[in-house]
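Geometric and topological summary
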Amino acid sequence: MKKSFGLLACVTLLAISSQVSANTEEEIGAKIYERAFGRGCGSCHDVASNPQLSALIKAGKLPKEQFAKVIKEGRNGMPKASAAIMEVGPVKKAGYTEDQAIDAVYEYLKK
Ligand code: HEC
């Protein structure tokens, strides 16, 4: 019983510390993708009929300038996302500017 409690405490600590240490650019980018708008970019973009951001970037079909422009201005069914991105906890914590936050999601999606 004691042993399993120790293990549980250890796992819990690990889980907490991995949340707190979301501090590399790529990790912050991942948090933006998961959390922006409360439900994440993936709530729309992981649906096959919407632009597949990661695949487009990897294929060289979505340059960063275009990525940033659509995020800042919105386009058709794509809502303006700057404010939502800046509200994500790890972005605030890192003190990122809007451009740094956009870079972070882009880098995350490029991997
Ligand atoms: C409500 C659904 C929705 C959410 C949430 C959403 N998007 Fe989109 N996004 C779309 C749709 C739909 C399009 C296609 C717009 C068009 O047809 O012009 C799009 C287009 C884009 C494009 C342009 C792709 C291209 O090929 O030009 C980018 C970049 C983008 N979204 C990034 C994001 C990011 C980053 C997030 C999260 C911060 C996000 N989107 C959240 C629906 C969404």
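The following refers to the structure shown. (Residues numbered from 1 in each chain as written. Predicted model: local features only at pLDDT ≥ 70, side-chain atom pairs only at ≥ 80, totals over all residues. Heavy atoms only, no water.)

Let's talk about unusual backbone geometry
Its identity is not glycine, yet F37 carries a phi of approximately 65 degrees, on the positive side. Its identity is not glycine, yet N76 carries a phi of approximately 50 degrees, on the positive side. With respect to the helices and strands, N76 occurs in the loop between α5 (64-73) and α6 (82-86). (Helix = DSSP H or I, 4+ residues; strand = E, 2+ residues; numbered from the N terminus.)

Overview of the site of the ligand
Of all residues adjacent to the ligand, which total 22 residues, the nearest are C41, C44, H45, Q66 and M78. Here H45 contributes a side-chain N or O atom positioned 2.8 Å from a nitrogen atom of the ligand. In the model, an oxygen atom of the ligand is placed 2.6 Å from a nitrogen or oxygen of the Q66 side chain. Contributing elements (two or more residues each) for the shell around the ligand: α3 (42-45), α4 (53-58) and α5. (Near = heavy atom within 4 Å. Polar contact = N/O pair within 3.5 Å; in protein donor to acceptor, adjacent residues only side chain to side chain.)

What to know about the coordination of the iron atom of the ligand
Tetrahedral coordination by four donors sets the ideal angle at the metal to 109.5 degrees; octahedral coordination by six donors sets it to 90 or 180 degrees. Around the iron atom of the ligand, the protein contributes the donor atoms H45 (NE2) and M78 (SD), which lie 1.9 to 2.0 Å from the metal centre. Viewed at the metal, the 6 donor atoms of the iron atom of the ligand are separated by angles of 88 to 179 degrees, and the geometry they form is octahedral. On the criterion of sequence distance, the pair formed by H45 in helix α3 and M78 in the loop between α5 and α6 is long-range, its members being 33 residues apart. (Donors = N, O, S within 2.8 Å, 3.2 Å for Na, K, Ca; no water. Tetrahedral: all angles 85-135°; square planar, octahedral: opposite > 155°, others 65-115°.)

Quick word on the pattern of salt bridges
The full count for this structure, using the stated rule, is 5 salt bridges. For the salt bridge of K72 with D99, the shortest nitrogen-to-oxygen distance reads 2.9 Å. A residue pair is termed long-range when its members are at least 10 positions apart, and K72 in helix α5 and D99 in helix α8 (residues 98-110) qualify at 27 residues. The exposure class assigned to K72 is partly exposed, which follows from its relative accessible area of 35%. (Salt bridge = Lys/Arg side-chain N within 4 Å of Asp/Glu carboxyl O. Buried < 20%, exposed > 50% of the residue type's maximum accessible area, 1.4 Å probe, protein only.)

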